Amino acid sequence: MENDLKCPECGCEHVYPDGSLWTCPECGCEWNPKDNAAGAAAADGPGEIRDANGNVLADGDSVTVIKDLKIKGASSVIKGGTKVKGIRLVDGTDGHNIACKIAGVGAINLKSEFVRKA
Ligand SMILES: [Zn+2]
């Protein structure tokens, strides 16, 4: 399992979070796990947001829209297969938990269940 956080120095598994850093009790090393997926999932946030396939999404991910989506209050449609870069996870009150910008559409919020990680 690559998701288990381990000390990058000695491989110790008894690491614990200390603020935004993780600390290893074995060698005392501290590091920021944000640059890998496991760390992002462990960090505080709106909770785990998963795509249509159950993969955990993170800020900055690229996703693909899996079906045509009607935009509320607009005549345009986001076509299935549209690639969306640099998503931002938000606490969507109505399930629209991904904030992003789509070329030709503009800033919009999507539901994570209608995208998959690119
Ligand atoms: Zn260590």
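All of the points below concern the structure found in this document. None of the values given here were measured: they were computed from a predicted structure.

## Description of the sheet that holds strand S7 (residues 83-84)
Here is step 1: Spatially, the 3 strands line up as an open sheet ordered S7-S4-S11, and their pairing is antiparallel. Sheet topology places S7 and strand S11 (115-117) at the edges, where each strand pairs with a single neighbour.
Here is step 2: When strand S4 (residues 63-65) meets S7, the two strands line up antiparallel, connected through 2 bridges. Paired with Val63 across the bridge in S7 is Val84.

## A word on the environment of Thr64
Here is step 1: By secondary structure assignment, the location of Thr64 is in strand S4.
Here is step 2: Spatially, the C-alpha atom of Thr64 lies 6.3 Å from that of Lys117, the residues being 53 residues apart in sequence.

## Side note on the side chain of Asn97
Here is step 1: On the secondary structure map, Asn97 appears in the loop between strand S8 (88-89) and strand S9 (98-102).
Here is step 2: In this structure Asn97 comes out as buried when scored by relative accessible area, which is 14%.
Here is step 3: Other than its neighbours up to four places away in sequence, Asn97 contacts Ile49, Arg88, Leu89, Val90, Gly92, Leu110, Lys111 and Ser112.

## Quick look at the sheet that holds strand S10 (residues 106-110)
Here is step 1: One open sheet accounts for 3 strands, arranged S8-S9-S10; its pairing is antiparallel. Lying at the two open borders of the sheet, with one neighbouring strand each, are S8 and S10.
Here is step 2: Here S8 runs beside S9; their pairing, made up of 2 bridges, is antiparallel. Looking at S9, one finds that Leu89 is bridged to Ile98.

## Remarks on the coordination of the zinc ion
Here is step 1: Coordination of the zinc ion by the protein involves Cys7 (SG), Cys10 (SG), Cys24 (SG) and Cys27 (SG), with metal-donor separations of 2.3 Å.
Here is step 2: Classification of the site at the zinc ion as tetrahedral follows from its 4 donor atoms and the range of 105 to 122 degrees in their angles at the metal.
Here is step 3: Going along the chain, you hit the donors of the zinc ion in the pattern C-x2-C-x13-C-x2-C. Here Cys7, found in the segment before strand S1 (16-18), pairs with Cys27, found in the loop between strand S2 (21-23) and strand S3 (30-31); they are 20 residues apart in sequence, far enough to count as distant.

The rules behind each value
- Residues numbered from 1 in each chain as written.
- Predicted model: local features only at pLDDT ≥ 70, side-chain atom pairs only at ≥ 80, totals over all residues.
- Heavy atoms only, no water.
- Pairing = 2+ DSSP bridges.
- Helix = DSSP H or I, 4+ residues; strand = E, 2+ residues; numbered from the N terminus.
- Buried < 20%, exposed > 50% of the residue type's maximum accessible area, 1.4 Å probe, protein only.
- Contact = heavy atoms within 4.5 Å.
- Donors = N, O, S within 2.8 Å, 3.2 Å for Na, K, Ca; no water.
- Tetrahedral: all angles 85-135°; square planar, octahedral: opposite > 155°, others 65-115°.

Geometric values such as these leave the question of function open.
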